[in-house]
Structures are given as structure tokens and as C-alpha cells.
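Understanding the architecture of this molecule
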Amino acid sequence: MDKKELTYLLNDELSRYGFRKKSTTWYRDLQESLQVVDLQKSNFSNLFYANICCVPGGMSVDGLPTPKENKCPIRIRLDSAFPKNKIEIQKALDLDSKEITDDDRATMISSFLHELILPFLENLKDLKNIKNSIESGLLDNGMVYVSAKKFLGISI
């Protein structure tokens, strides 16, 4: 599998759930949240990272309506959100790895999307759930800007 095939696979799956693609980033604009799934390539290999991000509805960030992943005030890597699955996630997203076939890789990525990413994004669908996710520690392995906490009324 190459980057083009990986991107096609993700686009095929994510578009079914209302995401729109721009380069290697997918956006879903909900009433109270802009959800972002970003595919980031390692500088050193053919390993990719899946980033899950959001912008709380009503919050202003550079680049809206399609901000770059690093401009999103709330973001986490898939393998940081699910540390128990880290090895499998990295194996599936390392396109140089010969440990698995392309068919198995596609199956694993589809599974991660349906079993991990989409359910995780349910926690980021509206302001109340985003706030609860931050306060409950769901995003502790990620990054939450102080500006997002202030916007959501979370004490710092």
C-alpha cells in the first residue's frame, strides 16, 4: 500500500460519515464542533500518524473553515488516545512494514476508524461533550490549548 491508496481508503470511509477531504485532512462541520482527522507522514520513514482534532463551535482559529491540524486547539494522536493499541496502530500505518499484507492493513485501518476514531469523535461532537472530555482526562495524552479551556469555561 502506498500513500495514495491509504488516502483513498480513508477518504472512502470518512466521506460516508460527512467528512470532506482537503489534501490529507478530513473535516466534518457539526453545529457545535469542527472535527478533523489528519494523516501526517513521518519525516524519517513511510510511517503515518493519524491525528484526531477539533475546534469547538464558535471558537475562532486561523484557517477556518479548514484549519491545519496544528492550528486546532484540541488534538491527539490516535496511538496516544489508545495506548493499548499503539503497536497495532503503528504497524498498520507503517507502509514500509512487511509484517502484514496490504489487505490486512486495509482491514486494520478500517477497523481503527470504526472502532476507535469515530467513537472517539462522538466525545467531541458538541461543547458539552468536549468540555466533559477535557475535564474527565480523555484528552490528557493530547494537547488542549489554554484558549480552548477558557472558551469552554474550564478553570486553568
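Coordinates for the structure precede this section.
First things first, this report covers the structure right here in the doc. Since the structure is predicted, the reported quantities are computational estimates derived from the model, not experimental observations. (Residues numbered from 1 in each chain as written. Predicted model: local features only at pLDDT ≥ 70, side-chain atom pairs only at ≥ 80, totals over all residues. Heavy atoms only, no water.)

Here's the deal with unusual backbone geometry
Rules: Think of it this way: any DSSP run of H or I at least four residues long counts as a helix, any run of E at least two long counts as a strand, and we number them from the N terminus.
The amide bond that connects Leu64 to the next residue, Pro65, takes the cis arrangement and shows omega of 10°. When you line up the elements, Pro65 lands in the loop between strand 4 (48-56) and strand 5 (74-77). Despite not being glycine, Ser23 has its phi angle at roughly 65°, a positive value. Of note, Ser23 is situated in the loop between strand 1 (20-22) and strand 2 (25-30).

Remarks on the nonpolar core
Test applied: Note on terminology: a nonpolar core comprises buried Ala, Val, Leu, Ile, Met, Phe, Trp, Tyr and Cys residues joined through side-chain atoms within 4.5 Å. Remark: exposure states derive from per-residue accessible area (1.4 Å probe, protein chains only) relative to the maximum for the residue type, with buried under 20%, exposed over 50%, and partly exposed in between. Residues are treated as being in contact if the distance between any of their heavy atoms lies within 4.5 Å.
Leu6 and Leu78 are the most contacted members of the largest nonpolar core, which has 48 residues in total. Setting aside residues no more than four positions away along its own chain, Leu78 makes contact with Ala50, Ile52, Ile89, Phe112, Leu116 and Ile117.

Observations concerning the pairing of strand 4
Rules: Strand pairing is assigned whenever DSSP identifies at least 2 bridges connecting the two strands.
In terms of residue burial, strand 4 counts as a mostly covered element, since 8 of its 9 residues are buried. Bridge count for strand 3 (residues 33-41) against strand 4 is 9 bridges, and the pairing is antiparallel. Residue pairing across strands places Val37 opposite Ile52, the latter belonging to strand 4. With antiparallel pairing between neighbouring strands as the criterion, strand 3 and strand 4 make up a hairpin whose turn holds 6 residues. Across 4 bridges, strand 4 lies against strand 5 in antiparallel orientation.

Quick look at the environment of Thr25
Take Thr25: it is sitting in strand 2. Sequence separation between Thr25 and Leu6 is 19 residues; the distance between their C-alpha atoms is 12 Å. Residues contacting Thr25, with those up to four places away along its chain left out, are Arg20, Val36, Val37 and Asp38.

Here's the deal with the packing of helix 3 (residues 86-93) against helix 4 (residues 102-122)
Filter applied, for reference: Lines are fitted to the C-alpha atoms to define the axes, a helix being fitted only along its stretch in contact, and any angle between axes, read from their N-to-C directions, falls within 0 to 180 degrees. To sort the angles, those under 35 degrees are grouped as roughly parallel, those over 145 as roughly antiparallel, those from 65 to 115 as roughly perpendicular, and the leftovers as oblique. Each crossing is labelled by how the near helix is turned from the far one, with a counterclockwise turn of less than a right angle marking it left-handed and a clockwise turn marking it right-handed.
Viewed as axis vectors pointing N to C, helix 3 and helix 4 meet at an angle of 130°, and their least axial separation amounts to 9 Å. The pairing of helix 3 with helix 4 is recorded here as oblique in orientation. Crossing of helix 3 against helix 4: the hand is left-handed. Contact residues: helix 3 offers Glu88, Ile89, Lys91, Ala92 and Leu93, while helix 4 offers Arg105, Met108, Ile109, Phe112 and Leu116.

Let's talk about the sheet that holds strand 2
What the 6 strands build is an open sheet, ordered 1-2-3-4-5-6; its pairing is antiparallel. Lying at the two open borders of the sheet, with one neighbouring strand each, are strand 1 and strand 6 (143-144). With 6 bridges connecting them, strand 2 and strand 3 associate as antiparallel partners. The residue bridging Tyr27 from the neighbouring strand is Val36, located in strand 3.

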